[in-house]
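Chain and residue survey
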Amino acid sequence: MLAVENVTLNYERSLAGCETLPVFGWTISSSLRNVVQRSWRLQLATSVSFDDPCYDSGDIHDDRSNNVVLPAFVCAHSTRYYVRVRITDNHGQSSDWSPEASFITGLPAEAWQGEFISAETSQDKAESKGTLLRHEFTLPQGADIVSAVVHASALGLYQLWLNGEKVGCDELAPGWTSYHHHLLYQTWDVTERLREGTNAIGAMVGAGWYKGDMSFNRYRNYYGEQTGFICHLVVTLRDGSQQIIASDGGWLGSDSAILFSEIYDGEIYDARLEQRGWSEPGFAAQGWRAVNVLSADRAALQPQTACPVQEIERLTPRALFTTPKGETVLDFGQNLSGWVEFCVRGEAGDNVSLRHFEVLDAEGNVYLDNLRTAKQRIDYTLRGDGEERYHPHFTFQGFRYVMIERWPGTPTLDDFTAVVLHSAMTPTGHIETSNADLNQLHHNILWGLKGNFVDIPTDCPQRDERLGWTGDAQIFCRTASYLMQTHTFFAKWLVDLAHDQTPEGGVPHVIPDILTGKCDNDRFLSHGRTHSSAAWADAAVINPWTLYLMYGDTQTLARQYQSMKAWVEFMRANAVDNMWSWKLQFGDWVALDAREGSYFGATPNELTCMAYYALSTQLLAKSAKVLGHMEDAERYTALHASIVDSFHREFFTPNGRLAARTQTAHILALYFQLVPEAYRERTVQTLLTLLEEQDGHLVTGFVGTPYFCHALSENGQADAAWQLLMKEDFPSWLYQVKAGATTIWEHWDGVKPDGTMWSPDMNSFNHYAYGAIGEWLYRAAAGINTEEAAPGFKRSVLHPIPGGNLQWLKARYASVYGDIGVNWALEPAKGGQTVTLDVEIPPNTCSTLVLDGAHTLLETDGIDFAPVAEGYRAQVGSGRYRVIFQR
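Every chain is numbered on its own, with residues counted from 1 as its sequence reads. For a predicted model such as this one, the threshold for reporting local features is a pLDDT of at least 70, and the threshold for listing and counting side-chain atom pairs is 80 or more; totals across whole chains, interfaces and linings nevertheless cover every residue. Hydrogens are left out, water is left out, and the side-chain values use all remaining heavy atoms of the structure.

**Some words on the sheet that holds strand S6 (residues 80–89)**
Counted only if it meets this: Criterion used throughout: strands pair if DSSP finds at least two bridges between them. Helix and strand labels come from DSSP, where a helix needs a run of H or I of at least four residues and a strand needs a run of E of at least two; each type is numbered from the N terminus.
Strands sit in the order S2-S7-S6-S4-S5 across an open sheet of 5 strands; the sheet is mixed. Edge positions in the sheet fall to strand S2 (14–18) and strand S5 (55–56), since each has one partner strand and no second. Bridging between strand S4 (residues 37–45) and S5 involves 2 bridges; their strand directions are antiparallel. Residue Gln 43 lies in a different strand from S5, and its bridge partner there is Asp 56.

Now the structure itself:
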């Protein structure tokens, strides 16, 4: 039976606030093989009944089932639309209408009637308190409310309240952006929250990233000195009339029970100061004050639509114990980002104080040094009227453990819950193997993503940093996009990258950029040197290209194209014979071949810079071709060839030796296709020699590590790649697993074999960059890849590489077209192994299936394989297949 299972909108299941029609897509199910869509029909309506569609495509005869852009259709503002699709296929089948999807339209900046208002004054610039805002309004008696949609945002962080209840499930809204250029607003349908007569709307507001104490320099008020709030509520009645309720100078403001709330330092809350009913109609607002109307520009307002930070899951504590020093500690068993919710009883004025941290020291005591100046403390003063439940509002912590510094009475495990917060993304990837340690590594990679994808891709979630380091985001982007649907997340962040680029095209080290010109006292960064490091700044090109590969997304590629081009032109403008550099370069950051006391690896910056210059130029040329900019495509293709030629002349001797004798130099040269073909085998053998000199261990840092296994397996050394991955002693991925890690560490030896710590000034235990090995697990071990010519897995390449002494591996990836599955199992056989391979290819796609190392086909399930150098290859349509072969 043919069916349309899910309709997607900008790759999401639903959207709220979109100002233009989304990109549509859908997944198809069928019990048949080789299913290809022949036609589709899409309808839009403002009613779920679709009695009177406002758009009907009619039957469109093509095979597009993703990245479908409709002809011009003007949507009404603040309106919910429903979408449904039906299709036909090449087997003569027709589907029923799909389940409907829906989206709510937003409000263009010029249509906002609300003003930015604040309960603070400029005298509060050093304050980190919370404030309240409220307003009452009346709906006519007997009003038949058809819909009510509210749009809201803040300069700072906010929660929206309506008639005594919090609106929506978002936390830390509106998130962190380059606020002066790009301020997100949120949209909610609040139809069921309104009533006839008097209603009350309000907001709770905090400092957040906007005016809080931020970065390792602890510089505050980067964007402004006052928090602000804006909203626009549209109530539509049955007679077609509308009532607008908007923030203005008539609202009232007050201080809240939040005495202090900061991203790094936590929250101080005095429940005795709560004003119960403050967001309900009829509240007596004695002592409340007039608000200030701010002059902030509404032109920066843009819709969020999806991917807000939310509570994603809850964890109960594993243990409550006393350390050798006598500290009372909770262990949640998992390093995470979020906060602790607790229930407590006591007298008015009693206090709870919790301190969050990641690891215990070698003696089993609380270890706080790696937090640097971040307090990560919650202080709560009880109101004393029975059981009280609390969690923070405008902060989050990175932690596994919690030290209970003060508590009335005796705490129990049942009093506490860890609330996991991160951007709401649909899980897409799953891998399980016969090796428990490898499964834990995959778990750690996933939880590294969860812990650091809190609105922006942070480096770490615990210390006084939590910045959107471009290098980490670039390195991990492909892995992240296997694990979760990260399109919305990265596309939003890339908007800020483009906004924060320098006029010359330079790319700041962190996005949003709060370091430029603010780093005089930092040990690594100095004034005027805070942008454009190779491998970091290249996120401007690599991340949009990755979204194109993983989702077929040409819209983000087009939107970011000028940013991509500006970055490549920046390198070109600063290059001599294609060798460029720009002040501070991180190089192969924290590589183990660095000099004693240094964070900078031994690979020359000149090589790293030119290698990434070549890669970004090549990807820009490809992007130009995809977008139809053919002159640019030719120009940058020629520039890429020139850079490669310069690389050959600069770094290879006449007899083929790569002059920089480091693992990372050889990895980059191989993986970025910078090795003259005549010298490739020598380069591969030298890399193996360098590996052997370290007893089979890597000594690479942020630049070399992500590509190490790829450089090996793509050059006939798959066994070496598996051996490297499966190492268990220091330094290795599984060393961290054996040491009890539940996320990825910043340093290979964050905890040394003797239990002592790496330097506390930079030792995060939730730092996802080295988790980029996850891409190799999906793309090589499981073999799930996409063809560049048909991105988004419209045409996939399934080329698994069994190994690692695993008995079996099971992998699934939910592509935009549907689930792709690869399971392989090995059994000993005379003279080799028998491999059983099960694959699943979603309808309306096809795949190239490659059997690496196969010498005898035992079962082909109807697939017509052709022998090739590496084994066998076949073109396969959709469906489930089982192949058995010997190798």
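**Description of the packing of aromatic side chains**
Heads up, the condition is: Aromatic rings from Phe, Tyr and Trp, taking only the six-membered ring of Trp, are treated as a pair when their centres fall within 6.5 Å; an angle between ring planes under 30 degrees marks them as stacked, one over 60 as edge-to-face, and anything in between as tilted. The cut-offs for exposure are 20% and 50% of the maximum accessible area for each residue type, with area from a 1.4 Å probe on protein chains only; residues under the lower value are buried, those over the upper are exposed, and the others partly exposed.
Taken as a whole, this structure holds 62 aromatic pairs when the rule is applied. Measuring from ring centre to ring centre gives 5.7 Å for Phe 342 and Trp 407, while their planes differ by 70°; the resulting arrangement is edge-to-face. Residue Phe 342 is found in strand S25 (residues 328–344), and its partner Trp 407 is found in the loop between strand S31 (397–406) and strand S32 (416–423); the two are separated by 65 residues along the sequence. The class of Trp 407 is buried, set by a relative accessible area of 13%.

**Let's talk about the pairing of strand S24 (residues 319–322)**
Note: S24 against S25, 4 bridges, orientation antiparallel. Opposite Thr 322, over in S25, you have Thr 328 as the bridge partner. In textbook terms, the turn of a hairpin is the stretch between consecutive antiparallel strands, and for S24 and S25 this stretch comprises 5 residues, one of which, Gly 326, has a positive phi near 90°.

**Structural notes on the pairing of strand S7 (residues 101–105)**
The side chains of a regular strand alternate between the sheet's two faces. Of all 5 residues that make up S7, 5 are buried, and the element is covered over most of its length. A two-sided burial pattern is seen for S7, the buried positions comprising Ala 101, Phe 103 and Thr 105 on one face and Ser 102 and Ile 104 on the other. In terms of strand pairing, S2 meets S7 through 4 bridges, oriented parallel. Along S7, the bridge assignment pairs Cys 18 with Thr 105. Bridge analysis of S6 against S7 gives 4 bridges, and the strand direction is antiparallel.

**Quick look at the environment of Thr 236**
Worth spelling out the cut-off: It only takes one pair of heavy atoms within 4.5 Å for two residues to be counted as in contact.
Here Thr 236 is to be found in strand S15 (residues 228–237). Residue Thr 236 is classed as buried on the basis of its relative accessible area, which comes to 15%. Each C-alpha atom of the pair Thr 236 and Thr 79 lies 9.5 Å from the other, and the pair is 157 residues apart in sequence. With sequence-adjacent residues up to four places away left out, Thr 236 is seen in contact with Asp 144, Ile 145, Val 146, Ser 147, Ser 241 and Gln 242.

**Here's the deal with helix H8 (residues 630–651)**
Here is the rule we go by: Under the convention used throughout, the expected extent of a helix is 1.5 Å for every residue step, that is, one less than its residue count. In this description, the arc belongs to the directions extending from the helix axis to the C-beta atoms.
Over its 22 residues, H8 extends 31 Å from the first C-alpha to the last, a length consistent with the 32 Å expected when each residue adds 1.5 Å. Regarding H8, the residues found buried are Asp 632, Ala 633, Tyr 636, Leu 639, His 640, Ile 643, Val 644, Ser 646, Phe 647 and Phe 651. The buried side chains of H8 occupy one side of the element, clustering within an arc of 160° when seen end-on. Across H8 from its buried face, at more than 90 degrees, point the exposed residues Glu 631 and Glu 634. Turning to H8, the residues buried within the fold contact helix H6 (554–573), strand S37 (579–580), helix H7 (605–627) and helix H9 (663–671).

**Notes on the pattern of salt bridges**
Rules: For this document, the term salt bridge refers to a Lys or Arg side-chain nitrogen within 4 Å of an Asp or Glu carboxyl oxygen.
Within the structure shown, the criterion is met by 53 salt bridges. Residue Asp 385 is joined to Arg 383 by a salt bridge in which the shortest nitrogen-to-oxygen separation is 2.9 Å. Given the relative accessible area of 43%, Asp 385 is considered partly exposed. The partner of Arg 649 in a salt bridge is Asp 577, with the nearest N and O atoms 3.2 Å apart.

**Focus on the packing of H6 against H7**
Filter applied, for reference: The axes used here are C-alpha line fits, helices contributing only the stretch in contact, and every angle between their N-to-C directions lies in the interval 0 to 180 degrees. Roughly parallel here means an angle under 35 degrees, roughly antiparallel means over 145, roughly perpendicular means 65 to 115, and every remaining angle is called oblique. Should the near helix be turned anticlockwise from the far one by less than a right angle, the crossing is termed left-handed; should it be turned clockwise, right-handed. All residues other than Ala, Val, Leu, Ile, Met, Phe, Trp, Tyr, Cys, Pro, Asp, Glu, Lys and Arg, Gly among them, are scored as polar; the first ten of these are nonpolar and the last four charged.
The N-to-C vectors of H6 and H7 enclose an angle of 140°; their axes lie 10 Å apart at closest approach. One way to sum up the angle between H6 and H7 is to call them oblique. Taken as a pair, H6 and H7 cross one another with a handedness that is left-handed. Contact with H6, carried on its side by Thr 554, Leu 557, Ala 558, Tyr 561, Met 564, Lys 565, Trp 567, Val 568, Met 571 and Arg 572, involves Tyr 613, Ser 616, Thr 617, Leu 620, Ser 623, Ala 624, Val 626 and Leu 627 of H7 and no other residues of that element. Classifying every residue of the contact of H6 with H7 by side-chain character gives 12 nonpolar, 4 polar and 2 charged.

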